[in-house]
Amino acid sequence: PTATLIEDVQICPGGSANVPVLLSDNETYDLTYALNGTVQESITVTGPEAQLLIDEAGFVSLVSLSQGTCQGVVFGFIDVTEAALPEASLNGDIAFCEGDVGTVQLDLIGQGPWTLEYSINNGTALQETALASPALIQVNEPGTFQLIGIADANCSAPIADEISLTQNSLPLAT
């Protein structure tokens, strides 16, 4: 029997990731792996694909695969890297005319697509998906725009940022 590590993975700060291990059949084996050169306790896995739960960045390598007295062959090593948390920043207060819409602009850092969570005047949390930076969100009521959180292709993070939304009255014709 064989066990093979397939691909590098990323984890979020404080998070974990499932590292896929391909097994040559559907049998159950004892698998031992090392994280950053330190051999971990053996785990029981069943093919054709098993998962190693890794909660820190570093190098993962397979050490042994066995079933009773039968020894298997292990292949590969992977790199587990820590992804940066996504970030978003608001570009200042917004003013717009009554009956019109204002555009909130957010500069985004991370790997898109991004999901932005926000509310207006502490109302219901809303979500918007952005494919590129800057993200543009249309608003049509005055008050406060609160950015609550952000998620990108890798991680999510809370954010506490806000701007004012000012709705100017239409001028009166005289």
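The structure we're discussing is the one just above.
Quick summary incoming for the structure in this document. Since we're looking at a predicted model, the values are computed, not measured. (Residues numbered from 1 in each chain as written. Predicted model: local features only at pLDDT ≥ 70, side-chain atom pairs only at ≥ 80, totals over all residues. Heavy atoms only, no water.)

## Topic: the sheet that holds strand β15 (residues 114-120)
The sheet built from five strands is open, its strands ordered β13-β19-β18-β15-β16 with mixed pairing. In this open sheet, the two edge strands, each paired with only one partner strand, are β13 (94-97) and β16 (126-130). Between one strand axis and the next, the sheet turns through 30° on average, direction left out of account. With eight bridges joining them, strand β18 (residues 143-151) and strand β19 (residues 156-168) adopt antiparallel strand pairing. Bridging across to β19, L147 finds its partner in D161. (Pairing = 2+ DSSP bridges. Helix = DSSP H or I, 4+ residues; strand = E, 2+ residues; numbered from the N terminus. Axes fitted to C-alpha atoms, helices over the stretch in contact; angles between N-to-C directions.)

## Examining the state of the cysteines
Under the counting rule described, the total for this entry stands at one disulfide. Each disulfide pairs two cysteine sulfurs, and for C12 the partner residue is C155, the sulfurs being separated by 2.1 Å. Between C12 and C155, the S-S torsion sits near -105°, and that sign places the bridge as left-handed. Of this pair, C12 sits in the loop between β2 (9-11) and β3 (17-23) while C155 sits in the loop between β18 and β19, placing them 143 residues apart in sequence. (Disulfide = S-S within 2.5 Å.)

## Points about the side chain of Q146
Inspection of the secondary structure assignment puts Q146 in strand β18. Judged by relative accessible area, which is 10%, Q146 ranks as buried. A polar side-chain atom of Q146 sits 2.8 Å from a polar atom in the side chain of S119. Reaching out from Q146, the side chain makes a polar contact with the backbone nitrogen of N121 at a distance of 3.5 Å. (Buried < 20%, exposed > 50% of the residue type's maximum accessible area, 1.4 Å probe, protein only. Polar contact = N/O pair within 3.5 Å; in protein donor to acceptor, adjacent residues only side chain to side chain.)

## Focus on the side chain of T32
Within the secondary structure, T32 is located in strand β4 (residues 28-35). Among the polar contacts made by the side chain of T32, one reaches the side chain of S42 at a distance of 3.4 Å.

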